[in-house]
Amino acid sequence: MRATRRCYNVSVGRLEKLRDNFNFLTGASSRHNRALREVRDWAATVRKLITTYGLAEGGDLAPLLGNIGGAKFDLTGIAYTGRPMIKKAGKIIGFDFTVLIRALVENVENLRLILIRPSLQEERLEQAVSSLNRSFDNLDIAITGTGFK
């Protein structure tokens with residue numbers, strides 16, 4: 001008796017549905033959703049910082065320079081809550097958020113260090129604000145492109 005080989009033509013939609021069901025049953029979807037929710041909340045905190053201190057691209061840095069103590073405190077809090085977010089972001093399916101969050105945390109810490117040393121403020125402040133905006137924009141684009149499962 002000869003074994004016959006059947007080729008099943010499985011559509012892409014059925015494979016995606018099977019993958020989604022597997023992720024649901026193993027808990028990967030719930031871990032993804034929880035991590036994405038936490039990253040979105042943290043990104044909203046960063047967005048609030050950018051608006052509060054006028055750190056938007058091409059904006060006036062007077063609010064930042066007028067309240068350096070408050071800005072350093074807020075930047076420290078964002079960096080402190082962002083570091084554990086790097087590990088949590090690894091559970092998000094479909095995009096590597098760890099790289100984006102790590103870059104944003106590094107830019108936040110860099111800006112905080114520049115604010116601590118007044119001699120560096122004139123030279124590097126605008127560059128640090130610009131790189132903070134770029135890394136936040138990259139994270140924001142990735143968040144909007146990733147949905148809950």
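Residues numbered from 1 in each chain as written. Predicted model: local features only at pLDDT ≥ 70, side-chain atom pairs only at ≥ 80, totals over all residues. Heavy atoms only, no water.

J.: Please give an account of a positive patch on the surface that cites residues and values.
T.: Taken together, the side chains of Arg31, Arg34, Arg37, Lys87 and Lys91 present a region of like positive charge at the surface. Here the element with the most residues in the positive patch is helix α2 (residues 28-52); it accounts for 3 residues. In this structure, lysine 91 sits in the loop between α4 (68-88) and α5 (97-116). Judged by relative accessible area, which is 46%, lysine 91 ranks as partly exposed. (Patch = residues over 30% accessible without salt bridge, like charges linked within 9 Å, V, L, I, M, F, W, Y side chains within 5 Å. Areas by Shrake-Rupley, 256 points an atom, 1.4 Å probe, with all protein chains shown as cover. Salt bridge = Lys/Arg side-chain N within 4 Å of Asp/Glu carboxyl O. Lys, Arg positive; Asp, Glu negative; His and termini not counted. Charge placed at Lys NZ, Arg CZ, Asp CG, Glu CD. Helix = DSSP H or I, 4+ residues; strand = E, 2+ residues; numbered from the N terminus. Buried < 20%, exposed > 50% of the residue type's maximum accessible area, 1.4 Å probe, protein only.)

J.: Please provide a residue-by-residue account of the environment of valine 46, values included.
T.: The topology assignment puts valine 46 in helix α2. A residue is classified by how much of its surface remains accessible, and valine 46, at 0% relative accessible area, is buried. Along the chain, valine 46 and glutamate 126 lie 80 residues apart, while their C-alpha atoms are 18 Å from each other.

J.: Give me the lowdown on the side chain of histidine 32, citing residues and values where you can.
T.: By secondary structure assignment, the location of histidine 32 is in helix α2. Judged by relative accessible area, which is 0%, histidine 32 ranks as buried. Leaving out residues up to four positions away in the same chain, histidine 32 has contacts with Lys91, Ile92, Ile93, Thr146, Gly147, Phe148 and Lys149. (Contact = heavy atoms within 4.5 Å.)

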